[in-house]
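Descriptive analysis of the structure
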Amino acid sequence: MPKTADPISPAQQQSVWAALRSPRRLRTEVLAGLVVALALIPEAISFSIIAGVDPRVGLFASFTMAVTIAIVGGRPAMISAATGAVALVVAPLVKSHGLDYLIAAVILAGIFQILLGVLGVAKLMRFIPRSVMVGFVNALAILIFIAQLPHLLGVPWLVYPMVAVGILIIVALPKLTNAIPAPLVAIVLLTVVTVTVGVSVPDVGDEGALPDSLPSLLFPDVPLTWTTLTIIAPYAFTMALVGLLESLMTAKLVDDITDTHSDKSREAAGQGIANVVTGFFGGMGGCAMIGQTMINVKSSGARTRISTFLAGVFLLILVVGLGDIVALIPMAALVAVMIMVSVGTMDWHSIHPKTLRRMPKSETAVMLATVAVTVATHNLAYGVIVGVVTAMVLFARRVAHLTEVVEIAHPDDDTRVYAVRGELFFASSNDLVYQFDYVGDPDNVVIDMSESHIWDASTVATLDAITTRYEAKGKTVSITGLNSSSAARHHRLSGHVAGAH
């Protein structure tokens, strides 16, 4: 896939002013925005149908999200718009209470996201393991491909050669020139051929009616009461969490692709601001879109906020001003683009047999769990949550087995010294109580903990249980070698934690 080739650092490539001064880079940003806008149209219409609202609600949401996040977001070149994940969350609310309650929920979700951004929720990204990120990317590639299947089943046979030609253009053209994004060439060429020859194949117009007027400012017609809040708050909070998770994961992915760092806290708050703006313009809300972001960053080589801003502007111009022309674009062209996005998104190295044999089984299990749940639920947030929990459980299990108790000295007939080694927490300390010989040990027992660390109350409760068992036999126990933090935790909790043994 073509990438920006300027002899400047990756960080400098994100500069809007530098792009405006470089005709070649500006052309890349403009054309990337146009390609993304074309790809957004059928997606936004589809997500509107999922949410149970008019197509204009999804299209206007994509416009306001893209334009707003281009200004206030923390990750340049990332695309935010109406998404399937948000549509799935809000669909029950639309069905039960209607559009006005949806708009109120979108505004409240934006407020929640702003608060979470200010509170630093983005810092939690450091707890997402690499195997979850790999699973996230692979699941995304699979979902992008699955989303194209409805456009490939039960359609005229001419759709298949058109998709094949589109893929061929996208693969071959970058080997000849990078002057114009290959996806844009494929879309334009196939549209011209379809219209000129008069071929009857599914097109964008078949996906739904395009709006013929600009979005206007509005306030949701809902009673400002506690009852209304209890109705919309659960949907709003879920939307906020799902949106932030997908957006921050996508931002991290773009960081890796572009070898740059983004401001995750600003991105979190920016998503909230974008959703508030979207709500007041009658949009269904949204978050970062990984597929369109990959088109923008990987396929088209965009790196700045210009492409994101123009994607929103072009979208509005296309659907409102040029709707009749856009409606003629064959879906086969957009399917070809998205299939290649799917291929480019997949981390093929991660599923190579050599890689799978080399990787620890626990890492592979985490990756597969993330992929399986994401694909099964069509919700990236669920997949990531399950992946993180799986990684935590497997990590705790692995670390728990690294704890051991060994006898290191027997200085006299009345004293035995044990050494406890490893990290002590609920998973590793529960079996600790069974590692001592309460009957056979002499009257004085020393437990040397200089090679261990106490992490939680469960460990303190276990040490209390060990001491109690020895004292029941008339023996004394001395716990030595604790580091400062372990000693402080033991001193504070010992005798105050109910034992489980």
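Note that the structure is predicted; figures quoted are calculated from it, not measured. (Residues numbered from 1 in each chain as written. Predicted model: local features only at pLDDT ≥ 70, side-chain atom pairs only at ≥ 80, totals over all residues. Heavy atoms only, no water.)

**Digging into the pattern of salt bridges**
On inspection of all chains with the given rule, the structure shows seven salt bridges. In this structure, the salt-bridge partner of arginine 416 is aspartate 441, at a minimum N-O distance of 2.5 Å. On the criterion of sequence distance, the pair formed by arginine 416 in strand 4 (residues 415-424) and aspartate 441 in the loop between helix 18 (426-429) and strand 5 (444-454) is long-range, its members being 25 residues apart. Accessibility expressed as a relative area gives 3% for aspartate 441, which makes it buried. (Salt bridge = Lys/Arg side-chain N within 4 Å of Asp/Glu carboxyl O. Helix = DSSP H or I, 4+ residues; strand = E, 2+ residues; numbered from the N terminus. Buried < 20%, exposed > 50% of the residue type's maximum accessible area, 1.4 Å probe, protein only.)

**Considering the side chain of serine 342**
Topologically, serine 342 is positioned in helix 14 (residues 331-345). Overall, serine 342 belongs to the buried group, its relative accessible area being 8%.

**Remarks on helix 14**
Here helix 14 contains 15 residues, and its C-alpha end-to-end distance of 21 Å stays within 8% of the 21 Å for a straight helix at 1.5 Å per residue. Along helix 14, 13 of the 15 residues are buried, which leaves the element largely enclosed by surrounding structure. (Expected span 1.5 Å × (residues − 1).)

**Some remarks on the pairing of strand 4**
For strand 4, the buried fraction is high: eight of the ten residues fall into the buried class. Two elements, strand 3 (residues 404-412) and strand 4, share six bridges in a ladder whose sense is antiparallel. By the bridge assignment, valine 406 is partnered in strand 4 with alanine 419. In the sheet, strand 4 pairs with strand 5 via nine bridges, with the strands oriented parallel. Paired with leucine 424 across the bridge in strand 5 is isoleucine 454. (Pairing = 2+ DSSP bridges.)

**Some details on the pairing of strand 5**
One ladder, built from five bridges, connects strand 5 with strand 6 (residues 476-480); its direction is parallel. The partner of valine 446 across the bridge, within strand 6, is serine 478.

**Focus on the sheet that holds strand 4**
Taken in spatial order, the four strands make up an open sheet running 3-4-5-6, and their pairing is mixed. Whereas interior strands pair on both sides, the edge strands pair on one side only; in this sheet they are strand 3 and strand 6. Between one strand axis and the next, the sheet turns through 25 degrees on average, direction left out of account. Contacts from helix 19 (residues 457-472) reach strand 4, strand 5 and strand 6 within the one sheet, and its direction differs from that of strand 5 by about 175 degrees. (Axes fitted to C-alpha atoms, helices over the stretch in contact; angles between N-to-C directions. Contact = heavy atoms within 4.5 Å.)

**Topic: the nonpolar core**
Ranked by internal contacts, the top residues of the largest apolar core, which has 105 residues, are Ile41, Ile128 and Met284. For isoleucine 41, the residues in contact, after removing those within four places along its chain, are Leu59, Val204, Leu210, Leu315, Leu318, Val319 and Val326. Counting 18 residues, the second largest nonpolar core, distinct from the first, contains Tyr418, Val420, Ile454 and Tyr470. (Core = buried A, V, L, I, M, F, W, Y, C linked by side-chain atoms within 4.5 Å.)

**Things to note about a nonpolar patch on the surface**
Taken together, Val343, Trp348, Ile351 and Leu356 make up a surface patch of nonpolar side chains, about 350 Å² in accessible area. If you trace the backbone, tryptophan 348 turns up in the loop between helix 14 and helix 15 (353-358). (Patch = residues over 30% accessible without salt bridge, like charges linked within 9 Å, V, L, I, M, F, W, Y side chains within 5 Å. Areas by Shrake-Rupley, 256 points an atom, 1.4 Å probe, with all protein chains shown as cover.)

**Topic: helix 17 (residues 380-400)**
Taking 1.5 Å of rise per residue, the 21 residues of helix 17 would be expected to cover 30 Å, and the 30 Å separating its terminal C-alpha atoms lies within 8% of that figure. What helix 17 keeps buried is the set Leu380, Ala381, Gly383, Val384, Gly387, Val388, Ala391, Ala396, Val399 and Ala400. Elements in contact with the buried residues of helix 17: helix 6 (130-146), helix 9 (226-258), helix 16 (361-377), strand 4 and helix 18.

**A closer look at the packing of aromatic side chains**
Using the criterion set out here, one finds seven aromatic pairs in the structure. When the centroid spacing of 5.3 Å and the interplanar angle of 90 degrees are considered together, the rings of phenylalanine 425 and phenylalanine 426 count as edge-to-face. Aromatic side chains tyrosine 438 and tyrosine 470 sit 4.8 Å apart centroid to centroid with 55 degrees between the ring planes, which places their arrangement in the tilted category. Placement of tyrosine 438 in the loop between helix 18 and strand 5 and of tyrosine 470 in helix 19 is noted, with a sequence separation of 32 residues between them. Using a relative accessible area of 9% as the deciding quantity, one classes tyrosine 438 as buried. Note on tyrosine 470: relative accessible area 0%, which makes it buried. (Phe/Tyr/Trp six-rings, centres within 6.5 Å; stacked < 30°, edge-to-face > 60°.)

**Description of the environment of arginine 27**
As for its position among the elements, arginine 27 is in helix 2 (residues 23-51). Relative accessible area serves as the criterion here: at 37%, arginine 27 is assigned to the partly exposed category. In the structure, arginine 27 is positioned 280 residues away from serine 307 in sequence and 9.8 Å away in space, judged by C-alpha atoms.

**Considering the confidence of the model for the chain**
Residues of the chain with pLDDT of at least 70 account for 98%, and the chain-wide mean is 89. Across residues 1-6, where pLDDT falls below 50, the model places 19 contacts with residues more than four positions away in sequence or in other chains. (pLDDT = per-residue confidence, 0-100.)

**What about the environment of threonine 355?**
Mapped onto the elements of the fold, threonine 355 is located in helix 15. Assessed through its relative accessible area of 7%, threonine 355 is described here as buried.

**Digging into unusual backbone geometry**
Phi is mostly negative for residues that are not glycine, and the peptide bonds are mostly trans. Located in the positive-phi region is alanine 77, a residue other than glycine, with phi close to 75 degrees. Counting through the fold element by element, alanine 77 comes out in the loop between helix 3 (55-72) and strand 1 (80-81). Judged by relative accessible area, which is 3%, alanine 77 ranks as buried. Positive phi outside glycine occurs at aspartate 259, with the angle close to 60 degrees. Summarising the element assignment, aspartate 259 is placed in the loop between helix 9 and helix 10 (264-280).

**So, the packing of helix 7 (residues 159-176) against helix 14**
The packing of two helices is summarised by the inter-axis angle and the distance between the axes. Between helix 7 and helix 14, the least distance of the axes is 8 Å, while the angle of their chain directions is 50 degrees. In terms of orientation, helix 7 lies oblique with respect to helix 14. Between helix 7 and helix 14 lies a crossing whose hand is right-handed. Between helix 7, through Val159, Met162, Val163, Gly166, Ile167, Ile170 and Val171, and helix 14, the contact on the second element is made entirely by Ala332, Val335, Ala336, Val337, Ile339 and Met340. Grouping the constituent residues of the contact of helix 7 with helix 14 by class yields twelve nonpolar, one polar and no charged. (Parallel < 35°, antiparallel > 145°, perpendicular 65-115°, else oblique. Left-handed = near helix turned anticlockwise from the far one by under 90°. Nonpolar A, V, L, I, M, F, W, Y, C, P; charged D, E, K, R; others polar.)

**Examining the environment of leucine 316**
Locating leucine 316 in the fold gives a position in helix 12 (residues 305-321). Apart from residues lying up to four places away in sequence, leucine 316 is in contact with Phe60, Phe63, Leu214, Pro215 and Gly321.

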